[in-house]
Amino acid sequence: MMAHLGEYMAALMLLLLPGTGEAHWFHQGQNFQDHHSAISATEANVDYKALFAVGLEPRAAYRLRLAAPMTANARQQGGWYLGARHSPRSDRDNSSLYVHVLQPGAVGFKSSNTEWILRPSSNPDYVRITQPNGWYLTSRNSSTDLRDGNSSYTIITSGGAAGLPEQDGEWQLEKDRWGAFRLTLRRESRYLTAHRYYDRDIRGNSSTFACVVSNSNKVPTHSDGRWILEKVTASTSH
């Protein structure tokens, strides 16, 4: 038994990613260069604390599915996926789109439009959520973006606008005991969800504009704004 244990330990190698302080095991023969090259030079020394703390993989692609049950006031079904794509109803300006949740199997549902990458931010306790093209998830408080006194519609943007705070588009991930997540926008302390309460919330019969909502009404975390993160694999990417 001890001999087998020694062989097993010899087949493993413990490695610290530079600057992260995080330990990673690599099986003997695994190509570390391939793994390391997947992390850009600017991210090589970033702390992945926020992702490792909740069991998620940096730079992996995920789909965000709105969990059920939803609060009755939301008038929104669970099971719909967060997505964004160009359309007359979604285009905000040349560098941003409004984000929506879309019913699986609906007309216009495309897997690539519902894929999101979890990336490190400037603060190790938060992450940035981007689409594969790098446009990141956030919210604005302009007159066209405000939903009501407690909420705003969410967007993806290429960024680059003058005067944006450093923490723009940074999200806190809170995992509940059922394995779902609440995503809270750092800058506004509002959580991501989707409601069909107002006529303007409704993008179509099978899609709803997503929004960030303040928890001033102390809505229980188990009944609104909970997301299931489904990792995208080769078999689910089409």
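In what follows, the structure referred to is the one given above.
1. Examining the overall build of the protein chain
Here's step 1: Tallying secondary structure elements over the protein chain gives three helices and 18 strands in all.
Here's step 2: The long-range fraction of contacts in the protein chain, counting pairs at least 24 apart against all pairs at least 6 apart in sequence, stands at 60%.

2. Details of the nonpolar core
Here's step 1: If you look at the biggest cluster of nonpolar residues, it comprises 34 residues, and the most contacted ones within it are Leu 56, Leu 82, Leu 137, Trp 171, Leu 183, Leu 192 and Trp 227.
Here's step 2: The residues contacting Leu 183, other than those within four sequence positions of it, are Leu 64, Ile 129, Trp 171, Gln 172, Leu 173, Arg 190, Tyr 191, Leu 192 and Trp 227.

3. Considerations on the pattern of salt bridges
Should their charged atoms come close, side chains of opposite charge can pair.
Here's step 1: For the structure shown, the criterion picks out 13 salt bridges.
Here's step 2: In this structure, the salt-bridge partner of Asp 93 is Arg 92, at a minimum N-O distance of 3.4 Å.
Here's step 3: Under the relative-accessibility criterion, Asp 93 is labelled partly exposed at 38%.
Here's step 4: With a closest N to O distance of 2.8 Å, Asp 168 and Arg 140 form a salt bridge. One end of the pair, Asp 168, is in the loop between strand 12 (151-157) and strand 13 (171-175); the other, Arg 140, is in the loop between strand 10 (136-139) and strand 11 (146-148), and 28 residues separate them in sequence.
Here's step 5: You can call Arg 140 buried: its relative accessible area is 15%.
Here's step 6: A cluster of three or more residues bridged by salt bridges with shared partners is formed by Arg 140, Asp 168, Arg 187 and Glu 188.

4. Re the packing of aromatic side chains
Here's step 1: Evaluated as defined, the whole model comprises four aromatic pairs.
Here's step 2: By way of ring pairs, the aromatic residues Tyr 98, Tyr 153 and Phe 209 are connected into one cluster.
Here's step 3: One Lys or Arg, Arg 182, reaches over the ring of Tyr 191 and ends 3.7 Å from the middle of that ring.
Here's step 4: One Lys or Arg, Arg 186, reaches over the ring of Tyr 126 and ends 4.9 Å from the middle of that ring.

So, how was this worked out
Residues numbered from 1 in each chain as written. Predicted model: local features only at pLDDT ≥ 70, side-chain atom pairs only at ≥ 80, totals over all residues. Heavy atoms only, no water. Helix = DSSP H or I, 4+ residues; strand = E, 2+ residues; numbered from the N terminus. Contact = heavy atoms within 4.5 Å. Core = buried A, V, L, I, M, F, W, Y, C linked by side-chain atoms within 4.5 Å. Buried < 20%, exposed > 50% of the residue type's maximum accessible area, 1.4 Å probe, protein only. Salt bridge = Lys/Arg side-chain N within 4 Å of Asp/Glu carboxyl O. Phe/Tyr/Trp six-rings, centres within 6.5 Å; stacked < 30°, edge-to-face > 60°. Lys NZ or Arg CZ within 6 Å of the ring centre and 35° of its normal.

Read these as spatial facts, not as claims about activity.
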